[in-house]
Amino acid sequence: MACLTALLLKLMMNEIEVARIGKAVGLRGDLKLHNLSDFPDQFRVGATFFSPPNLTLKICAYSPDSTLVRFHGYEDRDRAQTLTNALLYTSIEASRQDCALGDEEYFWFDIQGCNVEEDGELLGSVDEIERIGGQDYLHVKSASIHVEAGLASVFLIPYQDHFINNVDIKAKCIYVKNAKALLENL
């Protein structure tokens, strides 16, 4: 079965949202880390992340079991609490370097923008990806010819073998089957 591995992300130029910092725990500056990605291994001692507006945060302690993180310069509770609810971002380049993909796995930022074709017909292009109840869906913006024909301007394709034939990242194309029926039956 094809697998769409994702960073639950929003592209902000070259930045990918990967986590949200939760409440402070204890007195040493530990914070609860809420991972928003499929790559928990990227959170390790020495890893650097960014947080708006201009913070660079480097991990000095991390416990994957308790998902507690501590950042350099924020090693006391009062200072650490200033980071509560902050979002952590990484770059596309860092993701490619630090996050290992398996066979037939892709980053969401590589899937977004791909054309979606069925039997040589362009159905549209991937606008974004949504995870609903543990299932990934391609949010497809319909090709203008389908919109002009009165079909939906957007539709969802579950990322499952029943619909996905092949993903060609280099060609920026996802070849599908049974997906045109989803568009036509909305």
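See the structure printed just above.
Predicted model, so just to flag it, every value in this text is computed and none were measured.

Novice: Honestly, the side chain of Asp30 in this entry has me stumped. Any pointers?
Specialist: Checked against the element boundaries, Asp30 lands in strand 3 (residues 30–35). Polar contacts involving the side chain of Asp30 include one to the side chain of Arg70, which spans 2.8 Å.

Novice: What should I look at first to understand the pattern of salt bridges in this one?
Specialist: Between side chains of opposite charge, pairing is possible as soon as their charged atoms come close. Enumeration over the complete set of coordinates arrives at 8 salt bridges. With a closest N to O distance of 3.8 Å, Asp30 and Arg28 form a salt bridge. A salt bridge links Arg131 to Asp136; the nearest nitrogen and oxygen atoms lie 2.7 Å apart. Asp136 gets classed as buried once you look at its relative accessible area, which sits at 7%. Among the charged side chains, a network of salt bridges with common partners joins Arg28, Asp30 and Arg70.

Novice: I tried to follow the sheet that holds strand 12 (residues 164–168) on my own but got confused; where do I start?
Specialist: What holds strands together in a sheet is hydrogen bonding between their backbones, with the strands either parallel or antiparallel. Taken together, the 6 strands give an open sheet; going across it, the order is 11-10-9-8-13-12, and neighbouring strands pair in mixed fashion. Because the sheet does not close on itself, it has two edges, and the strands there are strand 11 (154–158) and strand 12. Direction aside, neighbouring strands of the sheet carry axes that sit 35° apart on average. Where strand 12 meets strand 13 (residues 173–176), 4 bridges bridge the pair, whose relative direction is antiparallel. In the strand pairing of strand 13, Ile164 is matched with Val176.

Novice: Can you walk me through the pairing of strand 4 (residues 48–51) in this structure?
Specialist: Put simply, side chains in a regular strand alternate between the two faces of the sheet. Only one face of strand 4 is covered, namely the face carrying Phe49 and Ser51; the face carrying Thr48 and Phe50 is uncovered. Relative to strand 5 (residues 55–63), strand 4 runs antiparallel, the two sharing 4 bridges. Note on strand 5: the bridge partner recorded for Phe50 is Thr56. What sits between the antiparallel neighbours strand 4 and strand 5 is a turn of 3 residues.

Novice: Whenever I open this one, the nonpolar core confuses me. Can you help?
Specialist: Nonpolar side chains in soluble globular proteins generally cluster together in the buried interior. Counting 25 residues, the largest nonpolar core has Ile21, Leu31, Phe43, Ile59, Phe71 and Leu88 as its most contacted members. Excluding anything up to four places from it in sequence, Phe43 contacts Val18, Ala19, Leu33, Asn35, Ser37, Phe49, Ile59 and Tyr62. Grouped together as the second largest cluster of nonpolar side chains are 20 residues, Ile111, Val116, Ile129 and Val176 included.

Novice: What's the story with the packing of aromatic side chains in this structure? I'm lost.
Specialist: We describe a pair of aromatic rings using the distance from one ring centre to the other and the angle between the two ring planes. For the structure on display, the rule yields 4 aromatic pairs. Measuring from centroid to centroid gives 5.7 Å for Phe39 and Phe107, while their planes differ by 45°, and the two rings are tilted. Here the residue Phe39 occupies a position in the loop between strand 3 and strand 4, and Phe107 occupies one in the loop between helix 2 (92–98) and helix 3 (108–111), the gap between them amounting to 68 residues. Pairing Phe43 with Tyr62 gives two aromatic rings, centres 6.3 Å apart and planes at 45°, and the pair type is tilted. On the criterion of sequence distance, the pair formed by Phe43 in the loop between strand 3 and strand 4 and Tyr62 in strand 5 is long-range, its members being 19 residues apart. The same class applies to Phe43 and to Tyr62, which are both buried. The ring of Tyr74 carries the charged tip of Arg79 above its face, separated from the ring centre by 4.2 Å.

Thresholds, definitions, all that
Residues numbered from 1 in each chain as written. Predicted model: local features only at pLDDT ≥ 70, side-chain atom pairs only at ≥ 80, totals over all residues. Heavy atoms only, no water. Helix = DSSP H or I, 4+ residues; strand = E, 2+ residues; numbered from the N terminus. Polar contact = N/O pair within 3.5 Å; in protein donor to acceptor, adjacent residues only side chain to side chain. Salt bridge = Lys/Arg side-chain N within 4 Å of Asp/Glu carboxyl O. Buried < 20%, exposed > 50% of the residue type's maximum accessible area, 1.4 Å probe, protein only. Pairing = 2+ DSSP bridges. Axes fitted to C-alpha atoms, helices over the stretch in contact; angles between N-to-C directions. Core = buried A, V, L, I, M, F, W, Y, C linked by side-chain atoms within 4.5 Å. Contact = heavy atoms within 4.5 Å. Phe/Tyr/Trp six-rings, centres within 6.5 Å; stacked < 30°, edge-to-face > 60°. Lys NZ or Arg CZ within 6 Å of the ring centre and 35° of its normal.

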